[in-house]
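The residues making up each chain are set out below.
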Amino acid sequence: MNRLILCFLIFTINLSLYAQNIVDKEGAVVRSDTLQKKIYLCFTGHEYVDGFEHVLSVLNKQKIKGSFFLTGDFVRSNEDLVRDITKQGHFVGAHSDKHLLYCDWTKRDSLLYSETQIKEDILQNLRALKKLDIHPKHFMPPYEWHNKKVVKIASQLNQITVNYSSGTRSNADYTTPDMANYISSDDILESIYSYESFKNMNGFHLLIHPGTSPKRKDKLYLNLDGLITKLKKKGYQFSKF
Ligand SMILES: [Zn+2]
């Protein structure tokens, strides 16, 4: 056999054996099971609670499970809701206690709090969850912004840091019309569909905020049912952590 073909075959076989999770250069898992046509719907919660009931009813109607990353503040203020989320079989994980910006937006490797403070903040979040008998292994950093040090601190607390997959604008669904980066839900949906058609969404962590500022009237989560239906038609299933 031609040596080049052999090399290619070995390369492809290796790829099919190992290309499952995509880990970014900071060490967080930003895409899972790329060999499977499964999307991970991720929901984060801290300050606002407006869309949670709607999201839960859609997931229930569509018979799929999602992953909810909730801060300690959120958990303590909404204990019954958080119990409901777990009872319905969804994943619930940590998202920091106070939603602090752990690392600088531009100088990413700089921590804005000490390692001890960050560790304590994640720990408080885990304690709030433990009180409800929730013992997660996956953590999504506050502001969905992490660096190597945050990933390491989380791992010392037995937490695997996960973050959303980049490529769509879904994470900007928190924006309000007075912001320069405001984006409408139609444009966000368009970004998801065009990403899907040009690439694929195998193992994609699709982030949606089920609670957003009252200043944003055009809520992306109100489009969740249609979004799931459309992605199901493209052959995707949905998975949780
Ligand atoms: Zn957040």
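Since the structure is predicted, the reported quantities are computational estimates derived from the model, not experimental observations.

Now for the overall build of the protein chain. The number of helices and strands found in the protein chain is eight helices and nine strands. Overall size of the protein chain, expressed as C-alpha extent along the three principal axes, is 65 × 40 × 40 Å. Of all 241 residues assigned to the protein chain, the portion counted as buried reaches 49%. Partitioning the intrachain contacts of the protein chain with sequence separation of at least 6 by distance along the chain shows that 72% fall at a separation of at least 24. Just so you have it, the protein chain exposes about 12200 Å², and 55% of that area is on carbon and sulfur atoms. Side chains of the protein chain carry 33 positive and 26 negative charges; the gap between the two charge centres is 6 Å.

On to the coordination of the zinc ion, then. The protein atoms that coordinate the zinc ion are His95 (NE2) and His99 (NE2), at distances of 2.1 to 2.2 Å. What makes His99 buried here is its relative accessible area of 15%.

A word on the packing of aromatic side chains. Enumeration over the complete set of coordinates arrives at ten aromatic pairs. Centroid distance Tyr40 to Phe241: 5.2 Å. Interplanar angle 35 degrees. Geometry classified as tilted. Pair noted here: Tyr40 is in strand E3 (residues 38-45) and Phe241 is in the segment after strand E9 (237-239), with a separation of 201 residues, a long-range link. By relative accessible area, which is 5% here, Tyr40 ends up buried. Owing to a relative accessible area of 18%, Phe241 belongs among the buried residues under this scheme. Centroid distance Phe69 to Phe91: 5.5 Å. Interplanar angle 55 degrees. Geometry classified as tilted. Of this pair, Phe69 sits in strand E4 (residues 67-70) while Phe91 sits in strand E5 (residues 91-94); the two residues are 22 residues apart in sequence, bridging distant segments of the chain. Using a relative accessible area of 10% as the deciding quantity, one classes Phe91 as buried. Clustering of aromatic rings is evident, with ring pairs tying together Tyr40, Phe69, Phe91 and Phe241. Directly above the aromatic system of Trp145 lies the positively charged group of Arg108, at a separation of 3.8 Å from the ring centroid. Over the face of the ring belonging to Tyr193 we find Lys230, whose NZ or CZ atom lies 4.2 Å from the ring centre.

Our next topic: the layout of surface pockets. Looking at the largest pocket, its volume works out to about 750 Å³. As for the largest pocket, its lining consists of 31 residues, of which His99, Tyr143, Glu144, Tyr174 and His209 are closest to the centre. Partitioned by chemical class, the residues of the lining of the largest pocket number ten nonpolar, 16 polar and five charged. Here the second largest pocket defines a volume of roughly 160 Å³. Residue lining of the second largest pocket: Leu123, Leu126, Arg127, Lys130, Ile134, His135, Pro136, Lys137, Leu157, Asn158 and Gln159, and that is the complete set. In terms of residue class, the lining of the second largest pocket is made up of five nonpolar, three polar and three charged.

One finds Leu41, Phe68 and Leu224 to be the most contacted residues of the largest nonpolar core, which totals 53 residues. Excluding residues that lie within four positions of it along the chain, Phe68 makes contacts with Phe43, Phe52, Val55, Leu56, Leu59, Ile85, His90, Phe91, Val92 and Gly93. Residues Tyr40, Phe69, Val162 and Phe241 belong to the second largest nonpolar core, which totals nine residues.

Glancing now at the UniProt feature "domain: NodB homology" (unreviewed entry) in the protein chain. UniProt's entry tags residues 37-239 with the feature "domain: NodB homology" (unreviewed entry), counted in the numbering of this structure. For residues 37-239, helix accounts for 37% and strand for 13%, while the C-alpha atoms at its two ends are 10 Å apart.

Tallying each qualifying case throughout the model produces twelve salt bridges. Of the charged contacts in the structure, one is a salt bridge between Asp80 and Arg83, with a shortest N-O distance of 3.1 Å. In this pair, Asp80 and Arg83 both sit in helix H4 (residues 79-87), three residues apart, roughly one turn of the helix. With relative accessibility at 58%, the residue Asp80 sits in the exposed group. Salt bridges sharing common partners tie together Asp73, Arg76, Asp97 and Lys98.

Procedures and definitions
- Residues numbered from 1 in each chain as written.
- Predicted model: local features only at pLDDT ≥ 70, side-chain atom pairs only at ≥ 80, totals over all residues.
- Heavy atoms only, no water.
- Helix = DSSP H or I, 4+ residues; strand = E, 2+ residues; numbered from the N terminus.
- Buried < 20%, exposed > 50% of the residue type's maximum accessible area, 1.4 Å probe, protein only.
- Contact = heavy atoms within 4.5 Å.
- Areas by Shrake-Rupley, 256 points an atom, 1.4 Å probe, with all protein chains shown as cover.
- Lys, Arg positive; Asp, Glu negative; His and termini not counted.
- Charge placed at Lys NZ, Arg CZ, Asp CG, Glu CD.
- Donors = N, O, S within 2.8 Å, 3.2 Å for Na, K, Ca; no water.
- Phe/Tyr/Trp six-rings, centres within 6.5 Å; stacked < 30°, edge-to-face > 60°.
- Lys NZ or Arg CZ within 6 Å of the ring centre and 35° of its normal.
- 1 Å grid on protein atoms, 1.4 Å probe; cavity = no way out; pocket = protein on both sides within 12 Å on 5 of 7 lines; lining within 4 Å.
- Points joined across faces, edges and corners; volume = space filled by probe spheres on them.
- Nonpolar A, V, L, I, M, F, W, Y, C, P; charged D, E, K, R; others polar.
- Core = buried A, V, L, I, M, F, W, Y, C linked by side-chain atoms within 4.5 Å.
- UniProt positions renumbered as here; feature names shortened; annotations may be inferred.
- Salt bridge = Lys/Arg side-chain N within 4 Å of Asp/Glu carboxyl O.

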